[in-house]
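Each chain is listed here by its residues.
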Amino acid sequence: MRSTGTLILSALLFLAFVFIPAVPTLASTTSDDVTPPEIIEITIDKPVLKPGDTGTYTVRLKDDNPPTADSYLSWSPQSPQFGWTFETSKKLHDGRIVPGSLGTDASGVTSFQLQFQVLSDAPYGHYDNSSSMTISDSIGNYTFGTAPSFDVNDPLHQIDNEPSIAGKKTVGQTISASINAPGARTTFSWHSQAFGKDEVVGTGAELFLPTKWYWNSIELRATAVWPDGKMLTRRAWTGYLEGIQVDIGKLSFSSPPTVGMKSTAVFTPNPDLPFQLPRTEILISSAPGPDITTSNGAFTPFPADAGKNVRAVLHFELPVGYEATEFPEASAYIRPGSWLTGPPSITGVPEVGHTLKAKAGLWSGEPELFSYQWLRNGKAIEDEISPEYDVKAEDVGTALTVRVTASWTHTADAFSATSAPAAAKKGTLPPLKAQLHGTARVGQRLSASVSGGFDGTRLGYQWLRDGKVITSATKSSYELTAADYTTRISVKVTGSKPGFTTVNATSTGRTIEAGTPAKGTIQVTGTTKVGNTINAKTSGWSSGSTLSYQWLRNGKPIASATKARYQLTAADRSQKVSVKITARKTGYATVNVSSARHSVSAGTMSRGTVEVSGTAKVGRTLSATTNRWPSGAKLSYQWLRNGKPIASATRARYKVSSKDRSAKLAVKVGASKPGYTSTSFVTSKQVTAR
C-alpha cells in the first residue's frame, strides 16, 4: 500500500462485507441448492475520496436465492487502520445496505450498495484492493469477492501524513517538530498518555524532555488550518524515551581467588558521576554452590571450590532517567584440582528395550564438564556419548561399560574412569492382547486387533477352529466358511522383535452362527390364463444356494406344483397364483421368498372343424364329423334346415325326414370346457336333401 508525503507510511484498509440472512446458515440449511452466488462486479463510485467524503460500493451478482428485504443484509467491516494506530473510516446506515438499493432486474441480476465515510483526518494515500467481501444469499450459500481500491487525497489541502520529530529521543534533550502543509497555518501540541490519561505536556515546535518522562512515549499532534477553514490533524510518536547513559565504575578482585584465602571484590565508582549511587551490594556466585550477597565483596573459597569459576556482580540503583552503559562485574577461576573419590556406575536393567544411565561418580574439585563414552566389550560404540544408553539387539551377550571424563573450561587437565561392566541380555516384550472384531456369521469376515508390545514388533497370525489350526489362515483377518458353522473361532498372535523373547496371545473364541445368504428376487413370467404355462424367474441368490419351488393358489400350496414351471388349470381360474422360493446353503440360514400374487383369467379355446358325412336322402342318417377341438372340451350340436334350427335336432347324428326334401341341411357345433371361455359356433357346409 502506498501514500504520499515527506514520510513513507503504510495504510491498511480491510473491509469485510458479510450478508447475514435471517434463515439457517449453509451448515444448517435443508435446501438442495448449494450453488453459491456469482459476483459479476464490485465498483466504487469515486476513485479518489477526500477526508470526510462518503464512498459507495455497488455490488452486482447472480443468485438463485437472492434476499428479498433489507433486513436480511448487513456488513461488518473491521476498523481500517493506518499504520497501527489510526482509524481511517466508519460504516454508515448502522452497518446495513443503502436503503432502497437492493433489487433484482429482469435478467436476474441482483444489486445493492454499501457506504462508508472517510474520517476527516484520514491519511492521504492509496488504499489497495486487499479488502475481502463475503456474500451470503437467503439460504446460506456464500462466495467471496474483492472490493476495488481507491485513493484518499485533497489536492487543495496537501499535508504530510505524519509530522517529523527531530532530535535525540532521550530525557534531558530537546526535540523539535515540523510538517509540510503548503498554504496552511500550522500549530503543534505534545501529549502524554501515561496511566491512560491524555495530558498536554507542551505546545509549540520544541519540547524539552525532563528525566521524569523516562520510558514514556510522547505524541505529537500537528494541526494545519487553511484560509478556507479546512483543518487537518496529523500525528507522530517519539517511541519510548531513553535514559541518560552513564558509566558508573569498575569491579575487580583485590587478589586472585585462592582456596582457604580471603578474597575481595572491590567496586571503584566513576569519579565523574553527577550523583552518588543510592545503594550498592555485590553478589558472589560460584556455581553450583550457593550465591553470596555482601556489602563489602569479601568471600573465602573452600576446598570443594577448587577449579570453579567465581563471579562477582554489582547490584545498584540509579536515579530516574539514567541508564548504565554496562553492569560492572568480575570473574576468575579458583585454583584447579580434581581427583576421583568414587568410580562411575551404571543404573538400569541391562536388557534390550531398556535405558541405562551413567552416574559420573564422585570427584573432588567439582569439575565443570563431564563427557561420556559407552563401550561394548571394551570398544567404543559409535555416537553413544550421552549419559543415557538404549540397550540394542546387537548388545545381547556382551559386556557394557561407560567411560566418564571430568574437565574444566579454563584448563586442559582432564581425568577419566570406567564403570564396572553390565551383561546385556534379551529384552522381554510386554504382553500382547488379541481381540476379535466383526460379525460371527458364516460368510462374514473377522479381524484381529492387537495391543501391547513395542513399536516395531512384528506380528504373526494363526486362526483356530475349536483350538485347531485352520490351514492357510495366517492373515490379520479371516472370512468365515461353512466349515466354521457352530464351531468356536479364535486367533493366536505371535509377537517378535530382534533382541527380544517371543510372546504369544490367543483371543477369546466366538461361536459362529449360520450365515445370512444374499436374498434374491423372484418374478412370475408368462400370461396367467388357464392352460398357459408360467415360470418362476429368479436372480440375486447366493452362489451355491439350492432353490426349491412351491406354487400357491390363494396362498395355499398346489399339490405336486414344485417345479420352476407350472401350467395353469381350470381350478386356478379367478384365483390368485404365486410361487414361494426356499433357498438352502450349507452353513447358512434357510431363506423363503414369495412372489407377488397374480390373478388367473379364463383360458381361450381354439376352434376345430365340422363336416356333414353320410347320404342326404330321406330316411338316411347324417353324422357331424369334428376335428381339432381341444381335448376335454364338451361339444354341442344344432342341425339346420335352410339356415334355421331344426327342433330337437341337437345330437351328432340326424335322420333326414320328408320335411327336409330339397332343403339345404347343415350342422352347427360349439364347445365348452371348465376354466375356458366358450367358443363361438362353427357351421359345416350345407348339403341338399333328396
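See the structure printed just above.
Residues numbered from 1 in each chain as written. Predicted model: local features only at pLDDT ≥ 70, side-chain atom pairs only at ≥ 80, totals over all residues. Heavy atoms only, no water.

### Section: the overall build of the protein chain
Argument step 1. Check the secondary structure of the protein chain and you find 0 helices and 68 strands.
Argument step 2. The buried share of the protein chain, reckoned over its 690 residues, is 40%.
Argument step 3. When contacts within the protein chain are restricted to residue pairs at least 6 apart in sequence, long-range pairs at least 24 apart make up 62% of them.
Argument step 4. When the accessible area of the protein chain is evaluated, it comes to approximately 36800 Å², of which 50% is carbon and sulfur surface. (Helix = DSSP H or I, 4+ residues; strand = E, 2+ residues; numbered from the N terminus. Buried < 20%, exposed > 50% of the residue type's maximum accessible area, 1.4 Å probe, protein only. Contact = heavy atoms within 4.5 Å. Areas by Shrake-Rupley, 256 points an atom, 1.4 Å probe, with all protein chains shown as cover.)

### Re the environment of Ala-406
Argument step 1. Note on placement: Ala-406 falls in strand β38 (residues 399-408).
Argument step 2. Linking Ala-406 and Tyr-372, residues 34 residues apart in sequence, is a C-alpha distance of 9.2 Å.

### Points about the packing of aromatic side chains
Argument step 1. Following the criterion strictly, the structure yields 10 aromatic pairs and no others.
Argument step 2. Between Trp-374 and Tyr-389, the aromatic rings sit 5.4 Å apart at their centres with planes inclined by 25°, giving stacked as the arrangement. With Trp-374 in strand β35 (residues 369-376) and Tyr-389 in strand β37 (residues 388-390), this residue pair connects regions lying 15 residues apart in the sequence.
Argument step 3. Residue classification places Tyr-389 among the buried residues on the basis of a relative accessible area of 1%.
Argument step 4. An angle of 25° between the planes, with centres 5.6 Å apart, marks the rings of Trp-551 and Tyr-566 as stacked. Of this pair, Trp-551 sits in strand β53 (residues 546-553) while Tyr-566 is found in strand β55 (residues 565-567), placing the two residues 15 residues apart along the sequence.
Argument step 5. On the basis of relative accessible area, Trp-551 is assigned to the buried category, the value being 0%. (Phe/Tyr/Trp six-rings, centres within 6.5 Å; stacked < 30°, edge-to-face > 60°.)

### Points about the environment of Thr-134
Argument step 1. Tracing the chain through its elements places Thr-134 in strand β12 (residues 132-136).
Argument step 2. With relative accessibility at 23%, the residue Thr-134 sits in the partly exposed group.
Argument step 3. For the pair formed by Thr-134 and Phe-144, sequence separation is 10 residues and the distance between their alpha carbons is 4.6 Å.

### Examining the sheet that holds strand β21 (residues 231-240)
Argument step 1. Taken together, the 4 strands give an open sheet; going across it, the order is β18-β17-β20-β21, and neighbouring strands pair in antiparallel fashion. Bordering the open sheet on either side are β18 (199-203) and β21, each of which pairs with just one other strand. In this sheet, neighbouring strand axes are inclined to one another by 30° on average, regardless of whether the strands run parallel or antiparallel.
Argument step 2. Inspection of the sheet shows strand β20 (residues 217-225) paired to β21 by 8 bridges, in the antiparallel sense. Paired with Thr-223 across the bridge in β21 is Thr-233. (Pairing = 2+ DSSP bridges. Axes fitted to C-alpha atoms, helices over the stretch in contact; angles between N-to-C directions.)

### Points about the pattern of salt bridges
Should their charged atoms come close, side chains of opposite charge can pair.
Argument step 1. Across all of its chains, the model carries 14 salt bridges by this definition.
Argument step 2. Its salt-bridge partner being Glu-388, residue Lys-357 comes within 3.9 Å of it at the nearest N-O pair. One end of the pair, Lys-357, is in strand β33 (residues 355-359); the other, Glu-388, is in strand β37, with 31 residues separating them in the sequence.
Argument step 3. Taking relative accessible area as the criterion, Glu-388 reaches 41% and is therefore assigned partly exposed.
Argument step 4. Connected via shared salt-bridge partners are Asp-198, Glu-219, Arg-221 and Arg-235. (Salt bridge = Lys/Arg side-chain N within 4 Å of Asp/Glu carboxyl O.)

### Observations concerning the side chain of Asp-160
Argument step 1. Summarising the element assignment, Asp-160 is placed in the loop between β14 (150-152) and β15 (164-166).
Argument step 2. One buried charge, Asp-160, has no salt-bridge partner; the nearest side chain with opposite charge is Arg-234, at 8.1 Å.
Argument step 3. Separated by 3.1 Å, the side chain of Asp-160 and the backbone nitrogen of Asn-180 make a polar contact. (Lys, Arg positive; Asp, Glu negative; His and termini not counted. Polar contact = N/O pair within 3.5 Å; in protein donor to acceptor, adjacent residues only side chain to side chain.)

### Let's talk about the sheet that holds strand β64 (residues 653-655)
Argument step 1. Strands sit in the order β60-β61-β64 across an open sheet of 3 strands; the sheet is antiparallel. The strands lining the two open edges of the sheet, one partner per strand, are β60 (609-613) and β64. The mean angle between the axes of side-by-side strands here comes to 20°, regardless of whether they run parallel or antiparallel.
Argument step 2. Relative to β64, strand β61 (residues 621-627) is paired through 3 bridges, and the arrangement is antiparallel. Directly across from Leu-622, in β64, lies its bridge partner Tyr-654.

### A word on the pairing of β20
Argument step 1. The buried count for β20 comes to 7 of 9 residues, which makes it a mostly enclosed element.
Argument step 2. Note: strand β17 (residues 185-192) against β20, 8 bridges, orientation antiparallel. Residue His-191 lies in a different strand from β20, and its bridge partner there is Glu-219.

### A word on unusual backbone geometry
Argument step 1. Residue Asn-377 is not a glycine yet carries a positive backbone phi of 55°.
Argument step 2. Looking at where Asn-377 falls in the secondary structure, it is placed in the loop between β35 and β36 (379-380).
Argument step 3. Here the phi dihedral of Ser-472 falls at roughly 65°; this positive angle occurs in a residue that is not glycine.
Argument step 4. Positionally, Ser-472 belongs in the loop between β45 (468-469) and β46 (477-479).

### Side note on the side chain of Asp-63
Argument step 1. Take Asp-63: it is sitting in the loop between β5 (54-62) and β6 (81-82).
Argument step 2. Despite being buried, Asp-63 has no salt bridge partner; Lys-62 is the closest side chain of opposite charge, sitting 11 Å away.
Argument step 3. Residues within four places of Asp-63 in sequence aside, it is in contact with Thr-35, Pro-37, Gly-108 and Asp-137.

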